[in-house]
Amino acid sequence: MTGAAGGIGRAIATRLAAEGFRLVLADLDPTVEEVATGLGAVAVVGDCASEAGVTLLVETAMNALDRVDVFFANAGTDVGRGLDTPESAWATALEVNVMAHVRAARLLVPRWLAADGVEPRGDRTESGVSEGRFVVTASAAGLLTMLGSAPYSVSKHAAVAFAEWLRATYGHRGIVVQAICPQGVRTRMLDEAGPLKELLTRDGALEPEEVADVVWQALQGDDFFVLPHPEVAGYYQARATHPDAWLAGMGRLQAKLDAGARP
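Only a predicted model underlies this, so the values are computations on that prediction, with no experimental measurement involved.

Scanning the protein for helices and strands turns up 10 helices and six strands. When burial is assessed residue by residue, the protein has 46% of its 263 residues classed as buried. Considering only contacts in the protein between residues 6 or more positions apart, those separated by 24 or more positions represent 64%. Accessible area for the protein stands at about 12400 Å²; split by element, carbon and sulfur atoms hold 53% of it.

Below, the structure written as structure tokens:
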């Protein structure tokens, strides 16, 4: 699991450890070592968005666990804002929020396919969760949009799109792919959201542990979308059904933000 030093990643790791999972936890933040020690897990400190970092994580997991049944691509970043966002920030957003998933899948999917050839998988581990499962922590921003942050919105849309592609391409061969798409969660990212914080929490801000509970339930099945805020399903449907009306509504929210009013 990447991004496991705090927030949603740490909460999911804690829940999985309680359910009997053996874990390898990764993060740029050295705090992940303390988290891993407390959970009886193995820690990897480093940049798991890079090819070298992802390779180190997967190799460490294979050495420690012999196999990887479930991979949580949880690390994410929110950098930049509007059209004035520099190229370097765009590159960081795409590396962390998209390419980290691509690089991990590139290493893991062939291993999962080779384990059972081309036959459908879906075998269950002792925990009851299928082997060969790739779980992406995206965001409701990847289904809707994120006012005030073009790099985050675009990269999270891409994260969802890549997860969809993985599911469509390898689902019939037993590989389960899921996308977690929460709205406001009480993490450092929400604390730093500024004027967008109220908008992100209009349906309530969840604790990371509440998200972990929803994720655990989702692991018992294979539904693609994992929506800790169920309201997101309705927003997503409205966006797809009436895109012009949806965009007009988002434009009105942006106008209120521009005017410094309550969204």
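Before going further, it helps to examine the pairing of strand β5 (residues 176–180). Burial of β5 is extensive: five of the five residues sit out of reach of the surface. Every second residue of β5 is oriented toward a common face, with Val 176, Gln 178 and Ile 180 on one face and Val 177 and Ala 179 on the other, all of them buried. Sheet analysis places strand β4 (residues 133–137) next to β5, joined by five bridges and oriented parallel. Across the sheet, residue Phe 134 finds its bridge partner in β5, namely Val 177. Crossover connection from β4 via helix α5 (residues 150–170) to parallel β5: handedness right-handed. Strand direction decides the pairing type here: β5 and strand β6 (residues 225–226), joined by two bridges, are parallel. If you follow Ala 179 over to β6, its bridge partner there is Phe 225.

Counted according to the given criterion, the structure contains five salt bridges. With a closest N to O distance of 2.7 Å, Arg 103 and Glu 95 form a salt bridge. Judged by relative accessible area, Arg 103 falls into the buried class, the value being 12%. Because the salt bridges share partners, they merge into one network encompassing Arg 15, Glu 19 and Asp 213.

For helix α1 (residues 7–18), spanning 12 residues, the distance from its first C-alpha to its last is 17 Å, which sits close to the expected 16 Å at 1.5 Å a residue. Those residues of α1 that are buried are in contact with β1 (24–27), α2 (31–39), β3 (70–73), β5 and α8 (208–219). Gly 20 sits one or two residues past α1 and shows a positive phi near 100 degrees.

A word on the nonpolar core. With 41 residues, the main nonpolar core has Phe 71, Trp 112 and Phe 134 as its most contacted residues. Elements with a minimum of two residues in this core: β1, α3 (51–65), β3, α4 (87–116), β4, α5, β5 and α10 (243–258). A per-element tally of this core places α4 first, with seven residues. Beyond its immediate chain neighbours, meaning those up to four positions away, Phe 134 contacts Phe 71, Ala 73, His 101, Ala 104, Ala 105, Leu 108, Trp 112, Leu 166, Val 176, Val 177 and Gln 178. Of all hydrophobic cores here, the second largest spans 28 residues; its members include Phe 21, Val 32, Val 70 and Val 211.

Tracing the chain through its elements places Leu 23 in the loop between α1 and β1. Taking the relative accessible area as the measure of exposure, Leu 23 reaches 10% and is therefore buried. In this structure Leu 23 touches Ala 13, Leu 16, Ala 17, Ala 41 and Val 42, once residues within four positions along its chain are discounted.

Per-residue pLDDT for the protein has a mean of 89; in total, 87% of the residues score no lower than 70. Taken as a whole, residues 117–122 scores under 50 in pLDDT and shows 15 contacts with residues more than four places along the chain or in a different chain.

Moving on, we get to the pairing of β4. Judged by how many residues are buried, β4 sits mostly within the fold: five of five residues are covered. For β3 and β4, the ladder comprises four bridges, and the chain directions are parallel. Considered in β4, the bridge of Ala 73 is made with Val 136.

Calculation rules
- Residues numbered from 1 in each chain as written.
- Predicted model: local features only at pLDDT ≥ 70, side-chain atom pairs only at ≥ 80, totals over all residues.
- Heavy atoms only, no water.
- Helix = DSSP H or I, 4+ residues; strand = E, 2+ residues; numbered from the N terminus.
- Buried < 20%, exposed > 50% of the residue type's maximum accessible area, 1.4 Å probe, protein only.
- Contact = heavy atoms within 4.5 Å.
- Areas by Shrake-Rupley, 256 points an atom, 1.4 Å probe, with all protein chains shown as cover.
- Pairing = 2+ DSSP bridges.
- Right-handed = clockwise from strand over helix to strand, strands pointing away.
- Salt bridge = Lys/Arg side-chain N within 4 Å of Asp/Glu carboxyl O.
- Expected span 1.5 Å × (residues − 1).
- Core = buried A, V, L, I, M, F, W, Y, C linked by side-chain atoms within 4.5 Å.
- pLDDT = per-residue confidence, 0-100.

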